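# Tertiary structure, described
Residues per chain, in single letters:
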Amino acid sequence: MTEAAALIRDQAPGFTPKLGLVLGSGLGPLAEEVEGAVRIPYTALPGFPRSGVSGHAGAVVLGTLAGLPVAVFAGRAHYYEHGNASEMRVPIETLKALGAEALLLTNAAGSTVKEVGPGNVMLITDHINFAGANPLIGTTSGDSRFVGLSDAYDRSMSVRLRSVAQRQDIPLAEGVYMWFSGPSFETPAEIRAARILGAQAVGMSTVPEVIIARYLGLRVAALSMITNLAAGMSDEVLSHAHTQAEAAKGSARFKTLITAFCAEASVKGL
Ligand code: HPA
């Protein structure tokens, strides 16, 4: 068990999260929906990242969301902050040590599909690791580091997200997420290349967390909040402030979808 898991156990005795949730840029308000919340700042947890990115709070919130015991990671650290792809390894190891089965990742992303503009939610069905970094480089665990990613995104969690979205009248796009290191945004040429390579969304996070979670045997699902059409596809000037503002606008939809997902999982199991 990680030191952080032991500290969390002290503050939330007997609590076992079933699902972990990582909240992306501007999506933090979901953490306020957690009932019976125990909130622990990352600064109190050894090995947790110190995110310096605005819009990323940096706290783990334990409690129930629509009846499902969850651990919400409000704030992530990114590869572009220090060039370390395993920034989120300790939080995800801690989640596993606390007994969780699955991880639902969220992010803000740009869309390469004209028809899927800002405000849309996209279910990630697969990814392209275009940053080329890997959080498992340097892992000394022998052969277990050769993690298969053919089925990285959990089928049954995805099926449930689709059906819940339909019931809640939330259009749910689907596609491949391409990880760019950031922190600069892409060029229009990179976006044309991304489209040719098969990406429907581009962003600066999530992929390393998926790899770590699969390494640890957690089931994974991931959702993108589309905050903009990708570079060169509109006249909009891309900026972090723009990403945060658009993610905040779309966060109500996200909240509805994730809460409904948790409600069903609390009754039927994950
Ligand atoms: N590119 C990369 N990351 C992003 C974008 C984008 O267009 N929008 C939000 N995060």
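Read on for an overview of the structure. (Residues numbered from 1 in each chain as written. Predicted model: local features only at pLDDT ≥ 70, side-chain atom pairs only at ≥ 80, totals over all residues. Heavy atoms only, no water.)

## Here's the deal with unusual backbone geometry
Applied cut-off: A helix here means a DSSP run of H or I that spans at least four residues, while a strand means a run of E at least two residues long, and both kinds are numbered starting from the N terminus. Each residue is placed in one exposure class: buried if its accessible area under a 1.4 Å probe, protein chains only, is under 20% of its type's maximum, exposed if it is over 50%, and partly exposed if it falls in between.
With an omega dihedral of 5°, the bond running from Gly 182 to Pro 183 counts as a cis peptide bond. For Pro 183, the position within the fold is in the loop between strand E7 (172–179) and helix H5 (188–197). The phi angle at Ala 66 is positive, at roughly 50°, despite the residue not being glycine. Its identity is not glycine, yet Asp 169 carries a phi of approximately 60°, on the positive side. Here Asp 169 is to be found in the loop between helix H4 (155–167) and E7. By relative accessible area, Asp 169 is classed as exposed at 70%.

## Some remarks on the site of the ligand
Rules: By convention in these notes, a residue is near a molecule or strand provided one of its non-hydrogen atoms lies within 4 Å of it. Think of a polar contact as two N or O atoms within 3.5 Å of one another; within protein, one of them needs to be a possible hydrogen donor and the other a possible acceptor, and neighboring residues in sequence only count if both atoms come from side chains. Computed with a 1.4 Å probe, the accessible areas rest on the Shrake-Rupley method; for each residue, only the protein chains presented here act as cover. Points on a 1 Å grid, built from protein atoms alone, make a cavity when a 1.4 Å probe fits but cannot get out and make a pocket when they are open with protein on both sides within 12 Å along at least 5 of 7 lines; residues with an atom within 4 Å of a point are the lining residues. More than half of a molecule's atoms lying within 2 Å of a cavity's or pocket's grid points is what places that molecule inside it. Side-chain classes follow a simple rule in which Ala, Val, Leu, Ile, Met, Phe, Trp, Tyr, Cys and Pro form the nonpolar group, Asp, Glu, Lys and Arg form the charged group, and the remainder, Gly included, forms the polar group.
Around the ligand lies a shell formed by Ala 108, Ala 109, Gly 110, Phe 185, Glu 186, Val 202, Gly 203, Met 204, Thr 227, Asn 228, Leu 238 and Thr 243. In this structure, Glu 186 approaches the ligand through a side-chain N or O atom, which is 2.8 Å from a nitrogen atom. Notes on the ligand: free accessible area 260 Å², of which the protein chains cover 96%. Put simply, the ligand lies in the largest pocket. For the shell around the ligand, the leading source of residues is strand E5 (residues 102–111), giving three residues. When the residues that make up the shell around the ligand are grouped by side-chain class, the tally is six nonpolar, five polar and one charged.

## Some points on the layout of surface pockets
Here the idea is plain: a probe the size of a water molecule rolls over the atoms and shows the empty space left. Our working definition: Grid points are joined across faces, edges and corners, and a volume is the space filled by probe spheres set on the points.
Here the largest pocket is characterised by a volume of approximately 310 Å³. Every residue lining the largest pocket is counted, 22 residues in all, and those nearest its centre are Ser 25, Ala 108, Phe 185, Met 204 and Thr 243. Within the residue set of the lining of the largest pocket, elements represented by two or more residues are E5, strand E8 (201–203), strand E9 (219–229) and helix H7 (240–268). Sort the elements by how many residues they give to the lining of the largest pocket and E5 lands first, with four residues.

## Side note on the pattern of salt bridges
Quick note on the threshold: Just to be clear on terms, a salt bridge is a Lys or Arg side-chain nitrogen sitting within 4 Å of an Asp or Glu carboxyl oxygen.
Scanning the model with the defined rule gives nine salt bridges in all. Here Arg 219 makes a salt bridge to Asp 154, at a shortest N to O gap of 3.1 Å. Taken together, the residues span a long stretch of sequence, with Arg 219 in strand E9 and Asp 154 in the loop between strand E6 (121–129) and H4 at a distance of 65 residues. Across the pair Glu 174 and Arg 162 runs a salt bridge whose closest N-O atoms are separated by 2.4 Å. Placement of Glu 174 in strand E7 and of Arg 162 in helix H4 is noted, with a sequence separation of twelve residues between them. Here Glu 174 falls in the partly exposed class, since its relative accessible area comes to 36%.

## Regarding empty space enclosed by the protein
A full pass over the atoms with the stated rule returns two cavities of 30 Å³ or more. Reported here for the largest cavity is a volume of approximately 60 Å³. Along the walls of the largest cavity sit Ala 77, His 78, Tyr 79, Asn 84, Ala 85, Glu 87, Met 88, Trp 179, Met 204, Ser 205, Pro 208 and Glu 209, which together make up its complete lining. Tallied by class, the residues present in the lining of the largest cavity amount to seven nonpolar, three polar and two charged. In this model, the second largest cavity occupies a volume close to 50 Å³.

## Focus: the pairing of E6
Definition in use: At least two DSSP bridges between two strands are required for those strands to pair.
Here eight bridges tie E6 to E7, and the two strands are oriented parallel to one another. Directly across from Asp 126, in E7, lies its bridge partner Val 176.

## Some points on the environment of Arg 214
Going by this rule: Contact criterion: two residues are considered in contact whenever any of their non-hydrogen atoms come within 4.5 Å of each other.
Looking at the secondary structure, you find Arg 214 in helix H6 (residues 207–215). Judged by relative accessible area, Arg 214 falls into the partly exposed class, the value being 21%. Ignoring any residue separated from it by four or fewer positions in sequence, one finds Arg 214 in contact with Val 147, Leu 149, Asp 151, Ala 152, Arg 219 and Val 220. From its side chain, Arg 214 meets the backbone oxygen of Leu 218 in a polar contact 2.7 Å long.

## Overview of H4
As a reminder, the rule being used: What a helix should span is 1.5 Å times the count of its residues minus one. Within this analysis, the arc is defined by the directions that extend from the helix axis to the C-beta atoms.
Counted at 1.5 Å a residue, the expected span for H4 with its 13 residues is 18 Å, and the 19 Å between its end C-alpha atoms agrees. Of the positions making up H4, those classed as buried are Met 157, Ser 158, Arg 160, Leu 161, Val 164 and Ala 165. Seen along its axis, H4 keeps its buried residues to an arc of 160°; they face one direction. Counted as exposed and oriented over 90 degrees from the buried face of H4: Arg 155, Gln 166 and Arg 167. Check the buried side of H4 and you find it contacts strand E1 (19–23), E5, E6, E7, E9 and H7. Looking at the residues trailing H4, positive phi occurs at Asp 169, about 60°.

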